[in-house]
Structures are given as structure tokens and as C-alpha cells.
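# Structure at a glance
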Amino acid sequence: MVYKFGNRVRNAAIALLVGASVALGSAGTTSAGTDIAGKKVIFIPIAMGISLTEGWARRMKEDAALHGYTLEIRDPAFSSSAMAELLAKAISEKPDVLVVHNPTVQLLARQIKQAEAAGIKVLQLNLQSNQPSSAFVGANWTRIGHDVAEDIVKECGAGSGKSGKVAIIPGQLTAADSVMLNDAAFKVFKDHPEIQVVSNQASDWEPEKARQITATVLQQHPDLCAIFGHWDVHTMGAGHAVKDAGLEDKVLVYATGGGDNVTCKAVEDKILDRVWSYDADGQGRDAATMIDLLLQGASAKDGSMLSVDSPLKIIKAGPTYDPSLCWKM
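These notes cover the structure that comes with them.

Conventions we followed
- Residues numbered from 1 in each chain as written.
- Predicted model: local features only at pLDDT ≥ 70, side-chain atom pairs only at ≥ 80, totals over all residues.
- Heavy atoms only, no water.
- Disulfide = S-S within 2.5 Å.
- Helix = DSSP H or I, 4+ residues; strand = E, 2+ residues; numbered from the N terminus.
- Buried < 20%, exposed > 50% of the residue type's maximum accessible area, 1.4 Å probe, protein only.
- Salt bridge = Lys/Arg side-chain N within 4 Å of Asp/Glu carboxyl O.
- Core = buried A, V, L, I, M, F, W, Y, C linked by side-chain atoms within 4.5 Å.
- Contact = heavy atoms within 4.5 Å.
- Pairing = 2+ DSSP bridges.
- Axes fitted to C-alpha atoms, helices over the stretch in contact; angles between N-to-C directions.

Next up on the list: the state of the cysteines. Within the structure shown, the criterion is met by two disulfides. Paired by a disulfide, Cys 156 and Cys 225 hold their sulfur atoms 2.0 Å apart. Taking the sign of the torsion about the S-S bond as the criterion, the disulfide between Cys 156 and Cys 225, at about -85°, is left-handed. Taken together, the residues Cys 156 in helix 5 (residues 141–156) and Cys 225 in the loop between helix 7 (207–220) and strand 8 (226–229) connect sequence positions 69 residues apart. Across the pair, Cys 225 and Cys 156 agree in class, each one buried. At a sulfur-sulfur separation of 2.0 Å, the disulfide partner of Cys 264 is Cys 326. Here the S-S torsion is close to 90°, and the disulfide linking Cys 264 with Cys 326 is therefore right-handed. In this pair, Cys 264 sits in helix 9 (residues 261–268) while Cys 326 sits in the segment after strand 12 (313–316), placing the two residues 62 residues apart along the sequence. Each member of the pair, Cys 264 together with Cys 326, is buried.

Put into C-alpha cells, the structure is as follows:
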């Protein structure tokens, strides 16, 4: 199932960006001209070596090669201190655009503000800081949290004959996705008192930690109805714990993620049941388009942050399962 409205939102947003741009050439299209050749872009993800960031990087590299700007990737390898240091060094080099993947809502806020004040445009990718910047491309976490929670209520709530017990496994409690997903989900659960959140423990993005958390929760609550993990990679650890306990046909495992073929394999193997995919491959293309626009001077007329929401796909086990919803590197 693909949310078709997502494509309309993306196309409308891109059209808005074209209208907002101050230097897109006489044709007024999104094609990048020679005016961006030789410009410099630095991408600082949380870590490379995972499908999410590798998928983004692939599309940005293709775009850089096509249009002649340079793209450098600085990898902090999941270290927050290293990420802050890499960003400080990048700001001192004064690139034209910085692309950042925020591990928490606060960690890079001061530096994002510093970069923008220095005339460096900052594109925040998928995870937002508390500090706004020139642009954001990524998932609508509030919508995902709401929709997953509504599905959990349908499966575990009144009339389902199930316990209503739910375990939530964020990556980090202060990560933008976890903050927004939890906020939206708890607003839904508030209207359904039969839903009981029995655990809300962060895994620090580690599958093994998610597995251990889940094993403990299942010992305490063998009648658990659902698990809501905030990223498919670490949620697979939770899914393995469910399978080890022989409960894969009783406990639904929900996740969000970039939707690559590993995700589909996990659904096929009954490790994950339902994944709200924001399609990292498509996000990489949207990020590349946004970079082109920023390099050509695009900005919102009112000075706000340009934003493109990623269209969503639901990858669901069962008779409607469709492996074509996943992408391959």
C-alpha cells in the first residue's frame, strides 16, 4: 500500500521550491545548471555502513557527479562527540551546503545556527533538530506515529480479545523521530484506555539491546500484543526475541524504516509484521534535488524552512505483502 497523497505532497513541495528559488535560470526548472559546478557539499550522517545512509549517499553522489559539485562524506560512526567535532571542522571549511542527520533534537542545534549565520545552507535529512535551517527532507514522524498507533488500537484494543499491552522501543528518547512518534502515539492511546504501554525503553539503535529489552518484557508480559520499534534495523532484534519465544503468531512487531530489501526479508521471515517505510532511496533523490536548489539560491519567501515530506509505504505481512515496495542497493 502506497500513500498516494505523499507523492502529491512531494510534487507540490518541489513546485513551491522552484517558485521560491532566486536563481533557477530562465527556464524556471529544477535542472541544475553549470552555476553549481565546483561548489562544495559536506554530508555528516549519524553513521555510514547502514542501508539508510548508504542509500542517501548513493543518490547524492550520482547528483554531484552529474552536476559537477563536490560531495564529501564525514562519518562519525555513531559517536555524538565525533559528529559535533566533524561538524565544527566542516563549518570552518565554509562549504556551500551542509547535510546533517541529527541524532538528537538538541546535539547539533547550536552548530546548525552557527552555520546558517555564516551563510552556509543546512539541509537536515530525516531527523530534525530543534534549530530550524534552510531545508528539511524526511519522514512525517507525527503522521507515522499516529497511523501506527491507530493500527495498534485496531489490532489490540477494545473488541480484539487481546490484552492491549504494548511495548515501545525507541532508538533514543531524545531523537527527533522518537520524540515525535511517541508524542503522536500517546495522543492516540490516551483516547483508548484499554491500551497499556508496559515498556518504553530505548535501544540506542542496537539490535542486540532491543532483543534483550524485548526478552525481558515478554517474560514479564507473556500476553503482550504488540511492539512498536522506531527503526527497522534495531527492531529486528526485538522481532528475533519474539520468534525465540515462539510468539511470532501472537505478538505484532511494528517498525519504521528506509524500506530496503533487508526489511522485506525480515517481513517474509516473520521477524517484522508491519513497517511504515519512508523509502530511503526516494529520500536520497529528494535530498539531491534539494541540494541542487539550495546551491542555486533557493529559499522560502517568508524565511521559513523549506520542507519535503517523504511519501510513505506500508510493508505488511500477509496476503497483501508486496516485495516490490522495497528497494535494493
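In the structure shown here, the tally under the stated rule is 19 salt bridges. Here Arg 74 ties to Glu 72 by a salt bridge, and the two come within 2.5 Å at their closest N and O atoms. In this structure Glu 72 comes out as partly exposed when scored by relative accessible area, which is 29%. The residue Asp 269 makes a salt bridge to Lys 265 at a minimum N-O spacing of 2.6 Å. If you follow the salt bridges from partner to partner, you end up with Lys 40, Glu 72, Arg 74, Lys 89 and Glu 93 in one network.

Ranked by size, the top nonpolar core spans 74 residues in total, and within it Phe 43, Met 60, Leu 98, Val 99, Leu 123, Ile 144 and Ile 152 carry the most contacts. Those residues in contact with Phe 43 that lie beyond four places of it in its chain are Met 48, Thr 53, Trp 56, Ala 57, Met 60, Leu 71, Glu 72, Ile 73, Arg 74, Val 99 and Leu 125. Core analysis: the second largest hydrophobic core is formed by 24 residues, Ala 210, Met 236, Leu 247 and Leu 325 among them.

Spatially, six strands are ordered 7-6-8-9-10-12 in an open sheet, and the strand pairing comes out mixed. Here the strands that pair on one side only, and so sit at the sheet edges, are strand 7 (196–200) and strand 12. Sheet twist, expressed as the mean angle between neighbouring strand axes with direction ignored, is 20°. As paired elements, strand 6 (residues 165–169) and strand 8 share four bridges and run parallel to each other. Of the residues in strand 8, the one forming a bridge with Ile 169 is Gly 229. The strands touched by helix 5 within the sheet are strand 6, strand 8, strand 9 (252–257) and strand 10 (274–277), with strand 9 carrying the most contacts at an inclination of about 170°.

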